[in-house]
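# Chains, contacts and geometry: an overview
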Amino acid sequence: MRVKNVKVSVFNINKRRFMFFSLLSLFFFLTSCHSEIKDNGDRFKKGVFEIPAGKGYSKTTVIRKDSLQIEEYEKIISISNDSITTEKRMKHIDTLYIKWKNNFFYSLKMKSPKRELDKDPIYIQITKVTDSSYNFTAKIGFSKFKQNGTVYKVK
């Protein structure tokens, strides 16, 4: 009977060691992931960024500091006369208030809206983070309009 108790005790000691090392490994894994996620999100809150050119727009340069985001871009307009089509580029600079809910969600609101649509906030959800960029989904107000894109950090 004493031999069985020794075997059970050895089993319990090995089980305790296994549980201890498992919990310790899990703790280190979770804390390392948490710091990586926080670092990834924080580095996009301030600095200079670029959004690649899209339909009707040139590359957009974004400067973020404090609670402001300044966007500089050219709007491309096609003008057709008879058989000749030309492009006209109009430079735009927009200033928006930026409010971060967490590292992966923020909203933008035009400082000086010019149109009714500009009065609605823009909600941005960061969906993927890399070393120098993030992918996002943007939604204007409570509309069904959604746009996906990528923002690259320059400075």
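Here, every reference points to the structure presented above.
Residues numbered from 1 in each chain as written. Predicted model: local features only at pLDDT ≥ 70, side-chain atom pairs only at ≥ 80, totals over all residues. Heavy atoms only, no water.

Another aspect to go through is the pairing of strand β8 (residues 146-153). Two strands pair when backbone bridges link them, and strand β1 (residues 47-51) and β8 are joined in this way by two bridges, in the antiparallel orientation. Across the sheet, the residue bridging to F49 is K153, located in β8. Pairing geometry for strand β7 (residues 133-140) and β8, over seven bridges, is antiparallel. In the sheet register, T137 faces β8, and the bridge partner there is N148. Where β7 folds back on β8, the antiparallel hairpin that results is connected by five residues, among which G141 adopts a positive phi of roughly 50 degrees. (Pairing = 2+ DSSP bridges. Helix = DSSP H or I, 4+ residues; strand = E, 2+ residues; numbered from the N terminus.)

Our focus in this paragraph is a nonpolar patch on the surface. On the surface, I77, I79 and M90 cluster together to form a nonpolar patch covering roughly 200 Å² of accessible area. Positionally, I77 belongs in strand β3 (residues 68-81). You can call I77 partly exposed: its relative accessible area is 31%. (Patch = residues over 30% accessible without salt bridge, like charges linked within 9 Å, V, L, I, M, F, W, Y side chains within 5 Å. Areas by Shrake-Rupley, 256 points an atom, 1.4 Å probe, with all protein chains shown as cover. Salt bridge = Lys/Arg side-chain N within 4 Å of Asp/Glu carboxyl O. Buried < 20%, exposed > 50% of the residue type's maximum accessible area, 1.4 Å probe, protein only.)

Here the focus is the pattern of salt bridges. All chains considered together, the criterion is met by five salt bridges. Between R89 and E74 there is a salt bridge, and its shortest N-O distance comes to 3.0 Å. Note that R89 is positioned in strand β4 (residues 84-102) and E74 in strand β3, a separation of 15 residues in sequence. The exposure class assigned to R89 is partly exposed, which follows from its relative accessible area of 48%. Its relative accessible area of 29% is what places E74 among the partly exposed residues. Note that E116 and K119 form a salt bridge whose closest N and O atoms lie 3.5 Å from each other. For E116, a relative accessible area of 58% puts it in the exposed group. Residue class for K119 comes out partly exposed when judged on its relative accessible area of 43%.

Take it as geometry only, folks, not as evidence of what the structure does.
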